[in-house]
Amino acid sequence: MAVSNSNSLKKIKYVIPAVILCAVFAVFFVFLGNKEKTASFFAMDTYCSAKIKGKNSSECLKQIEAAVTDLENIISRHKKSSDFYAINRDGKGTLDKKQSAWLNAMLSVSKNSGGAFDFTLGELSDLWGFGDEPKVPDDEDIKAILSRTGYQKISLTETGISFPEGVSVDMGAVGKGIALDEIKALLDENKVSCGVISIGGSILLYGSDTLTVGITDPAGKSQYIGILTPGNGCVSTSGSYERFFEENGKKYHHILNPETGYPADSGLVSVTVYSENGLLSDALSTACFVLGKEKGTALLKEYGCGGIFVETDGGVTVTDDLAGKFQLTDTSYTMR
Ligand code: ADP
Ligand code: MG
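This one's a predicted model, so the numbers in the text were calculated from it and none came from an experiment.

**Examining the side chain of serine 285**
Here comes step 1: Structurally, serine 285 can be placed in helix α9 (residues 278–291).
Here comes step 2: Overall, the relative accessible area of 0% leaves serine 285 in the buried class.
Here comes step 3: Here serine 238 takes part through its side chain, which lies 2.8 Å from a polar atom of the side chain of serine 285.
Here comes step 4: In contact with serine 285, other than residues within four places in its own chain, are Ser236, Thr237, Ser238, Val271 and Val273.

**Notes on the site of ligand 1**
Here comes step 1: Close to ligand 1 lie 17 residues; Asp170, Lys176, Ser238, Glu242 and Thr286 are nearest.
Here comes step 2: In the model, an oxygen atom of ligand 1 is placed 2.6 Å from a nitrogen or oxygen of the serine 238 side chain.
Here comes step 3: Take leucine 256: an N or O atom from its main chain is 2.8 Å from a nitrogen atom of ligand 1.
Here comes step 4: Burial of ligand 1 by the protein chains amounts to 94% of its free accessible area of 560 Å².

**Section: the sheet that holds strand β6 (residues 155–156)**
Here comes step 1: Taken in spatial order, the three strands of this open sheet run β5-β7-β6, and their pairing is antiparallel. Looking at the sheet topology across the chains shown, the edges are occupied by β5 (92–94) and β6.
Here comes step 2: Relative to strand β7 (residues 160–162), β6 runs antiparallel, the two being bridged by two bridges. Looking at the pairing, serine 155 lines up with serine 162 of β7.
Here comes step 3: Against the sheet, helix α4 (residues 83–90) touches β5 and β7, its axis set at about 140° to β5.

**Thoughts on the environment of alanine 105**
Here comes step 1: Relative to the helices and strands, alanine 105 resides in helix α5 (residues 97–112).
Here comes step 2: Remark: the alpha-carbon pair of alanine 105 and leucine 280, spanning 175 residues in sequence, is separated by 7.7 Å.

**Points about the coordination of the magnesium ion (ligand 2)**
Here comes step 1: For the magnesium ion (ligand 2), every protein donor is listed as Ala173 (O), Asp282 (O), Asp282 (OD) and Thr286 (OG1), and the spread of their distances is 2.2 to 2.6 Å.
Here comes step 2: Classification of aspartate 282 by relative accessible area gives buried; the value is 7%.

**Considering the packing of aromatic side chains**
Here comes step 1: Inspection of the entire model under this criterion finds seven aromatic pairs.
Here comes step 2: Seen in terms of ring centroids, tryptophan 128 and phenylalanine 130 are 6.1 Å apart; in terms of plane orientation they differ by 15°. Their pairing is stacked.
Here comes step 3: For the ring pair phenylalanine 130 and phenylalanine 245, a centre distance of 5.7 Å and an interplane angle of 50° mean the geometry is tilted. Here phenylalanine 130, found in the loop between α6 (122–128) and α7 (139–148), pairs with phenylalanine 245, found in strand β13 (residues 244–247); they are 115 residues apart in sequence, far enough to count as distant.
Here comes step 4: For phenylalanine 130, a relative accessible area of 13% corresponds to the buried category.
Here comes step 5: The exposure class of phenylalanine 245 is buried, given its relative accessible area of 0%.
Here comes step 6: Aromatic rings pair up to connect Trp128, Phe130, Phe245, Tyr252 and Tyr262 into one cluster.

Rules of the game
- All residue numbers refer to position in the chain's written sequence, counted from 1.
- Starting at A for chains and at 1 for ligands, labels are handed out in the order in which the entities are written.
- Two thresholds apply to this predicted model, a pLDDT of at least 70 for residue-level local features and 80 or more for giving and counting side-chain atom pairs, whereas whole-chain, interface and lining totals are computed over all residues.
- Excluding hydrogens and water, the side-chain figures rest on all heavy atoms present in the structure.
- Helix and strand definitions follow DSSP, with helices as H or I runs of at least four residues and strands as E runs of at least two, each counted in order from the N terminus.
- Think of it in three bands: with a 1.4 Å probe and only protein chains considered, a residue is buried below 20% of the maximum accessible area for its type, exposed above 50%, and partly exposed in between.
- Counted as a polar contact is a pair of N or O atoms within 3.5 Å, where, for protein atoms, one must be capable of donating a hydrogen and the other of accepting one, and residues adjacent in sequence contribute only when both atoms are in side chains.
- Contact definition: two residues touch when any of their heavy atoms are within 4.5 Å.
- By convention in these notes, a residue is near a molecule or strand provided one of its non-hydrogen atoms lies within 4 Å of it.
- With residues, only the protein chains shown are counted as cover, and all accessible areas are computed by Shrake-Rupley using a 1.4 Å probe.
- When DSSP finds two or more bridges between two strands, those strands count as paired.
- Here an angle of 0 to 180 degrees is reported between the N-to-C directions of two axes, which are lines fitted to C-alpha atoms, with helices fitted over the stretch in contact.
- Atoms of type N, O and S within 2.8 Å of a metal are treated as its donors, and for Na, K and Ca the window is 3.2 Å; water is not considered, so some sites may appear to be missing partners.
- Classification of ring pairs uses Phe, Tyr and Trp, with its six-membered ring standing for Trp, and accepts pairs whose centres are within 6.5 Å; under 30 degrees between planes counts as stacked, over 60 as edge-to-face, and the remaining range as tilted.

Structure below.
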């Protein structure tokens with residue numbers, strides 16, 4: 001069984017540094033004037049990098065790394081000291097203002113996506129063994145978990161959350177986006193003039209309308225399939241190539257269809273979403289991956305966000321919001 005996931009990436013993180021992310025997600029920087037400062041680190045089970053320009057940038061880079069680590073220590077489902085570990089253990093807990101805002105936004109995406117986005121499937125992800133020892137589970141076990149999970153089981157009050165046993169809140173689809181929102185606040189505070197921060201497949205473009213992002217080639221043949229110049233904001237990509245394993249010649253990836261309990265199979269290999277808000281870009285990219293192109297496009301319209309859908313047959317569709325901001329560079333793909 002061939003295994004490819006970010007755990008294996010973790011193992012080689014100290015051996016192959018910056019090159020990895022460059023290969024995964026090419027980002028180009030347009031910085032005029034002063035030299036920019038850079039940092040790279042590993043957090044949230046992925047490779048992170050930051051390039052910023054402005055006053056106080058060395059100190060700000062330290063704050064960025066600390067913020068991502070702090071956030072991981074709050075939302076991790078597996079770290080025993082985290083807030084969300086305790087919430088999942090107890091089936092309830094108090095939420096501070098930020099946490100409450102995250103969960104309300106997530107619940108809204110769950111409802112508006114008709115449940116394609118469902119953050120209660122932590123146990124199902126564990127059953128598939130993503131991030132650990134992946135394997136195709138027994139169908140019965142999948143059905144048993146689905147029967148007791150679902151975002152509808154989450155109760156939120158202004159300051160708290162509660163849910164029945166068997167439900168496990170999984171921040172995996174939004175953690176990187178939330179990190180970008182936290183980082184944006186730091187860049188504001190530090191009066192950074194320009195910056196590009198990437199947390200795995202989620203990228204913050206800050207302070208310049210000319211910053212560009214390379215959209216990863218899901219097939220891994222070229223580095224990227226094209227270049228997006230969306231303006232300031234957050235760009236998140238969900239793809240079946242990001243974390244997957246192979247069993248009996250079939251590939252299984254980590255974005256699950258909450259209706260079936262199996263990896264989503266909506267004809268897409270990747271979806272990139274652009275939003276001013278990091279959490280939304282991250283949640284919506286996951287939701288759109290499950291929904292497929294037509295329904296995903298409609299969902300993005302509801303939120304006023306743009307997207308790029310890459311289909312299994314190599315077709316690339318850019319929503320109206322991003323029209324004229326994406327340039328296809330890999331001719332083995334076709335614009336729709
Ligand atoms: P990545 O974390 O690789 O950037 P995503 O943002 O798309 O990719 O999030 C995928 C993660 O979200 C999975 O690893 C899992 O923890 C969780 N997840 C899987 N399927 C769903 C789903 N349908 N809705 C919400 N979260 C999901
Ligand atoms: Mg996501």
